[in-house]
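Fold and contact review
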Amino acid sequence: MPAWLNISVFALTQIVMLVGLLGSLIPIFPGPFIMWLAALGYGVLSGFDSVGVVIFIMISVLMIGGGLVDNLFMGAGARKGGAAWGTIIVALIAGVVGTILLPPFGGIITAPAAILLLEYLRLRDLNQAWLALRGLATGWGFSFVVRFGFGLVIMVLWWLWAWSNAN
């Protein structure tokens, strides 16, 4: 591959990686998935040598983990706040549907609204519903920290891959 194309692929991949990493600041934004797509594109354009395959597998595992952590931590936080499992499942579905129908912030609105509304309807106690909502928010906070950490590791792995291709 010509040097100018190599540099362009590296720069474009780096920009998309940064979008994914910074997107982790937004709850429900699939930052690790965006970073995974960038790594996939890099591999397709630059080639998958043996080092690239191993690193891409590691990036894939981190991407899956980043997606699971988000849902698990939010659900666990809401559960710790007193939410019923049915409410948590509906809220997670509402978050996904909200993100699809009203990107990028629809999920940020619909998931907490579902927790608050359903827990209020279930318990007829606004204070208890707020506790469940606070639990969800706390879970989001913890999941952000973990997803951002996964994103940093994904970026470092990709840099190692790009460095191995340059040598």
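As the structure is a computational prediction, the values presented were derived from the model and not from experiment. (Residues numbered from 1 in each chain as written. Predicted model: local features only at pLDDT ≥ 70, side-chain atom pairs only at ≥ 80, totals over all residues. Heavy atoms only, no water.)

Digging into the overall build of the protein
In terms of helices and strands, the protein carries six helices and zero strands. The helix and strand sequence of the protein, counted from the amino end, reads α-α-α-α-α-α. By its C-alpha atoms, the protein is 65 × 25 × 20 Å across when sized along the principal axes. Burial analysis of the protein (167 residues in total) assigns 39% to the buried set. Look at the contacts in the protein between residues 6 or more apart in sequence, and 70% of them connect residues 24 or more apart. Accessible surface for the protein amounts to roughly 8,900 Å². Of this, 80% is attributable to carbon and sulfur atoms. (Helix = DSSP H or I, 4+ residues; strand = E, 2+ residues; numbered from the N terminus. Buried < 20%, exposed > 50% of the residue type's maximum accessible area, 1.4 Å probe, protein only. Contact = heavy atoms within 4.5 Å. Areas by Shrake-Rupley, 256 points an atom, 1.4 Å probe, with all protein chains shown as cover.)

Focus: the nonpolar core
By size, the foremost hydrophobic cluster in this structure holds 19 residues, and its most contacted members are Met-17, Ile-59, Trp-158 and Trp-161. Among the secondary structure elements, those contributing two or more residues to this core are α1 (3–23), α2 (31–46), α3 (50–80) and α6 (126–166). The greatest single-element share of this core, amounting to six residues, is contributed by α6. Counting residues in each nonpolar core, the second largest holds 13 residues, with Ala-78, Ala-94, Ala-111 and Ala-114 among its members. (Core = buried A, V, L, I, M, F, W, Y, C linked by side-chain atoms within 4.5 Å.)

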